[in-house]
Structure formats: C-alpha cells, structure tokens
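# Coordinate analysis (summary)
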Amino acid sequence: MAANMYRVGDYVYFENSSSNPYLIRRIEELNKTATGNVEAKVVCFYRRRDISNTLIMLADKHASKVAEESETTVEADLTDKQKHQLKHRELFLSRQYESLPATHIRGKCTVALLNETESVLSYLDKEDSFFYSLVYDPSVKTLLADKGEIRVGPRYQADIPEMLSEGESDEREQSKLEVKVWDPNSPLTDRQIDQFLVVARAVGTFARALDCSSSVRQPSLHMSAAAASRDITLFHAMDTLYRHGYDLSSAISVLVPLGGPVLCRDEMEEWSASEASLFEEALEKYGKDFNDIRQDFLPWKSLTSIIEYYYMWKTTDRYVQQKRLKAAEAESKLKQVYIPTYSKPNPNQISTSNGKPGAVNGAVGTTFQPQNPLLGRACESCYATQSHQWYSWGPPNMQCRLCATCWLYWKKYGGLKMPTQSEEEKLSPSPPAEDPRVRSHVSRQAMQGMPVRNTGSPKSAVKTRQAFFLHTTCFTKFARQVCKNSLRLRQAARRPFVPINYAAIRAEYADRHADLSGSPLKGKSTRKPLACIIGYLEIHPSKKPNVIRSTPSLQTPTTKRMLTTPNHTSLSILGKRNYSHHNGLDELTCCVSD
C-alpha cells in the first residue's frame, strides 16, 4: 500500500513508451482535472543518452575534475562494468516542468546531489538510486554545476588591518573607506529631529503631487503620503541634516531649492506595473535565483536593483496576499495519490504461435520448436539463453531480444547491463595493435564502432545496403545522338545540378524524327562474327612504337625514352577511340562488304 502511494516531492518513473526507458521525474504538484483524472506537475531529469555528445564530453571532464579533488574511490579503481553501469546512474537536473498523467507512474526511485565525500560505488549498490551534479538547460543546450558557492575571501569579507600604535600614520586610501553620515552627539534634540523628518515627508508628498508620473502611479493623497514616508525619504533627510551641521534652517532650504521640492524615489516607485508582473512571474519560476531572473526576464535592470526591489516587495501587501493564496491553494491540492501496480503485458513481449508468452527458451526436455526466429537468439546484454520471459529490443531488422532481468535494467537505467565491444575499446587505455591479416576479416560493423555480438544466429544482425542501377531507355539513347545541339552532355556533366530543358530536346527530336522517318536510326549495332574481326586484324596489323635507345656514356647524360605515336585516323585527340569507332559505326566497312 505504501509503495503505491505517491506524494509531492517523490522521485518516480514515468513510462511514455513501451520500448523506451522510463522517464525520471520529481513530483511538484498533484492536480485533479475536470474529467476526474489526476495529473502530476513534475520536474524533468535527463539521462546521458538524452543530451548531445559535446555536452557528454563536458560532463566527463567535470567528473574527472571532481574525482581529482575528492579522496574517495577514483574512476581508475573501477572495473569496466562498473564504469559502464555508473554512467546509467548519472542524471542531469533541469528547470523544465511538464504535466503527465499520474497513471503513467511505474514506481519510485531516489535522486540525490552527488556527495563528493561518499564513494561512487554506493550508488551502484543501491537499487533505483541515481545522482546528479550538473544542471541541463534544454532550451540553450548548456550544462552548469549545481552547487552552492561559499563566499569566502577579500571579495566578500572585510580585511581587518592591525591596530595602529600611537603616533603612527594611517597609510590606507581614504577614498575607499566609509564616510561618517550621522553624529549621535548632535546639538538637536530628538523632538527637533522628528519635526524635521515630518517636514521632509510633507515636502516629498508635495513633490509627488507636482510630478506627472507619480500622480499616475499614486492617484490618491494617502498613496502619495505613504510613498513619501518610505526609507529613501528619511535617509535623504538625515543625510541633509548631517551635511549642514544640524542647522535646521539651512537643511530646510536644501529640501526646497529654487527649482522645486526634492523628489526621492526608491525601486518600488521606479518599477512599472509590467516590470513588477514580470518579476513575480520570474520569482515563481526561478525562486531567489536573481541572476537567472535578470538574464531571462529583466535584462535591462541591474542585479542590485532587482535584489533591492525583492526585499522591498516582501514588505508590501501584495506579497502577503500572494502568500495567503498559495497557502490556500496548497490546502486544496492533493497531497498524495494511490496508483495501483501496472500489470498489463508489454507489447514487446515475445510470444509463441498460440498467442501466449513463451516459456523457458531452450530448456532441457522441451519438445516445442519455436517458429519465431527471435526465440533462438541469446540475450543482447548478458548473453543468457534461458529466461522466463523475453522482450524484443532495438530496431525490428536487428532481431535482438533481452531477458527479463536485462529488460527491467534497460527500462530503469536506460542502457544494457554489460558494456558492448565498442565501449570496451573506449574504456581500455591502450588497445593492442591488430594484425592486418586479421583485420581484413573483421566485419564492417566492427570497423565502424558498432557493437558486434555473438547471438548464435546464422543470420547477419545488420541489414545490407540494397544495390540499384539506372536503366536508360532506347529513346534516351536516340536523343543523345539526334539532339546534340540541345543536349550537350559534357556541359551537363560539369554542372549536374542545373536542370536540362526536356521540352526543347523533345521538340528537336520530333522534328528530326519526322525528317528521318524514311531512314530510321540504327538503335544498336550487331556484334560481328569472330572470323570478320580476325580478317580485319590481318589486313590492318597493329604497329608497335619505335623505341630509340641511346647508350649512356660518361660525357653525355642519359636520354629518356621517346615513343613515336602511331597515326591512327580513328583515334580521338586524347589518343582514345571515339564513340563511333567503339560501337562499330565507322571504319569497319570491310566487314560489311564481306
């Protein structure tokens, strides 16, 4: 009962596909829809198989750096199998939310931030245990470290110097030191100071009445008086009083100069209503992560302005109202939901011919001969040949299968339990040099880094590429000879992507074909008998090139061989036979006369 009860904050498996691994999510809310179904608002976690290879390299680099700094078990102490399975336990947190039906929940798991003081083997020893150390942003495809920064150092703490002795001069730069802005031992009494502050608030209220933008934001008098009573007005009044030596008449004259009363506004007044709504939306999404709020929602605001506005916003009535609304919504939402164990058969189960799941394959004493070719193969992960249930895995043309244990591992952890041959080569530090004679017999799949497995099947596990050829019709061959003016083959071959004007070629072929209707073209030359060819070669024997040789001597350099090119009228410019000579349309008139 408790195992099937899911609450807010639980890490759970979600199934969105019968063949793909489970999705790992954290439940943030449980909402009941209008139809009575329960939907879960969840935070997304990503596996290594869900991100690009470039980000995987960054994650490996970050992991190696963390391993160097920690004093626990390093990666070099792990076996290849442990390294392979440890990658399946690594997740990447994201700030992406989505809503999924609660009926797709398939179980619970645990996800924790990587503990650098704990051995990584502890995650392999625990079932359904995962860890994460990086945050993945699917929108911009980036990885960031998810750890708090301890702000220690001169950038965050004051550097306290040693106490000066009597008569020793202070060599510090006075411009960087703090300036005194208030003297508690002033000649004014507390009543006189409070009266001056009342005058400053009255001047601030009058200044907001004269300002057009403030009149729009605070249309009523009490709103302007409340804005004038904020800390920015009081700080300005006290600073003015100190700078004028606590002279009330001089300080009052500064509050109302010749140009009009002084108006002091803080961040609450400087921000517009649209900016305030953007800030509340960003605060709902990112929380108190002010850097992300500024980057994604308010890039025109400074970080100091956003932080100052946040702490002022917490003192307003709007913050109190929102807090009460959230508390009321939390009370009305579901706290937990009961999801029964999913018992429907998986479509990937390999069944026998009678429709029932196959029993132990290959068991001793079994007289049933499986008709399915998958039933004779071994498990792709552990190479087992016996299992109470088999599942088809991978592309259909691969005809692979997994046993029940490896199938459950695949669904939970998103990979095979045992590393493949290509992964073993990546994990090995220095692969031995292979013999070229042996390499010639290695399959093309192994040369390309694909996993090669001995599954016991005589069939090849990889689908061969089907050969094809282009068949030229007789009319196309005629057009090449007849329409030479429109169809320029050499120019078309140099520019293969330029389309050919078929309409012009078809029109020229129709005109030429009408002119040559009395004498049709010869489509294909007939092969001449062997006796005719031998007779032609006896009449026209082939001439051997004359080679001029010169005896090398000590006085004269060695001359190169000079070949005399025979004069064949049937050869082209490049010394090759042309199209007509090659097809027997020219020169062999003697064979026709015979």
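One numbering rule holds for all chains: residues counted from 1, following each sequence as written. For a predicted model such as this one, the threshold for reporting local features is a pLDDT of at least 70, and the threshold for listing and counting side-chain atom pairs is 80 or more; totals across whole chains, interfaces and linings nevertheless cover every residue. Where side-chain values are given, they derive from all heavy atoms of the structure, hydrogens and water being excluded.

Per an unreviewed UniProt entry, the protein goes by Metastasis-associated protein MTA3 and derives from Phyllostomus discolor. Of the protein, the UniProt comment under Sequence similarities (unreviewed entry) reads exactly: "Belongs to the metastasis-associated protein family." UniProt positions are given in the numbering used here, feature names are shortened, and annotations may be inferred rather than shown by experiment.

### Re helix H7 (residues 231-243)
Helix and strand assignments follow DSSP, with helices taken as H or I runs no shorter than four residues and strands as E runs no shorter than two, numbered in order from the N terminus. How far a helix is expected to stretch is found by multiplying one less than its residue total by 1.5 Å. Under the 1.5 Å per step criterion, the end-to-end length of H7 is 18 Å for 13 residues, consistent within 8% with the ideal 18 Å. A contact between two residues is defined here by any heavy atoms of the two lying within 4.5 Å. Turning to H7, the residues buried within the fold contact helix H4 (190-210), helix H6 (221-228) and helix H8 (248-255). Phi turns positive one or two residues past the end of H7, at Gly-245, with a value near 65 degrees.

### Thoughts on the pattern of salt bridges
The term salt bridge refers to a side-chain nitrogen of Lys or Arg lying within 4 Å of a carboxyl oxygen of Asp or Glu. Evaluated as defined, the whole model comprises 17 salt bridges. For the salt bridge of Arg-243 with Asp-239, the shortest nitrogen-to-oxygen distance reads 2.9 Å. On the criterion of helical spacing, the pair formed by Arg-243 and Asp-239 is a turn pair, its members being 4 residues apart in helix H7. The buried label applies to any residue whose accessible area, calculated with a 1.4 Å probe on protein chains only, is under 20% of its type's maximum; exposed applies above 50%, and partly exposed to all values in between. Residue classification places Arg-243 among the partly exposed positions, given a relative accessible area of 48%. For Glu-270, the salt bridge goes to Arg-265, with nearest N and O atoms at 3.7 Å. The exposure class assigned to Glu-270 is partly exposed, which follows from its relative accessible area of 38%. Note on Arg-265: relative accessible area 26%, which makes it partly exposed.

### Notes on the environment of Thr-103
Mapped onto the elements of the fold, Thr-103 is located in the loop between strand S5 (90-101) and strand S6 (105-113). When the C-alpha atoms of Thr-103 and Thr-341 are compared, they prove to be 9.7 Å apart, with 238 residues separating the residues in sequence.

### Topic: empty space enclosed by the protein
A 1.4 Å probe that fits but cannot get out identifies a cavity on a 1 Å grid over protein atoms alone, an open set with protein on both sides within 12 Å along at least five of seven lines counts as a pocket, and a residue lines either if it has an atom within 4 Å of a point. Grid points are joined across faces, edges and corners, and a volume is the space filled by probe spheres set on the points. What the rule picks out here adds up to 1 cavity of 30 Å³ or more. In this structure, the largest cavity occupies an estimated 70 Å³ of space. Every residue along the wall of the largest cavity is listed here: Ala-200, Val-203, Gly-204, Arg-208, Thr-233, His-236, Leu-255, Val-262, Leu-263 and Cys-264. Of all the elements in the fold, those that place two or more residues in the lining of the largest cavity are H4 and H7. Top contributing element to the lining of the largest cavity by residue count: H4, with 4 residues. Under the convention adopted here, Pro, Cys and the residues Ala, Val, Leu, Ile, Met, Phe, Trp and Tyr are nonpolar, Asp, Glu, Lys and Arg are charged, and Gly plus all remaining residues are polar. Residues that form the lining of the largest cavity fall into these classes: 6 nonpolar, 3 polar and 1 charged.

### A short note on unusual backbone geometry
Look at Asp-128: it is not a glycine, yet its phi comes out positive at around 60 degrees. Following the sequence through the fold, Asp-128 ends up in the loop between helix H3 (121-125) and strand S7 (129-137). With phi around 55 degrees, Gln-399 is a residue other than glycine that occupies positive phi space. Within the secondary structure layout, Gln-399 lies in the loop between strand S10 (390-393) and strand S11 (400-403). By relative accessible area, Gln-399 is classed as partly exposed at 26%.

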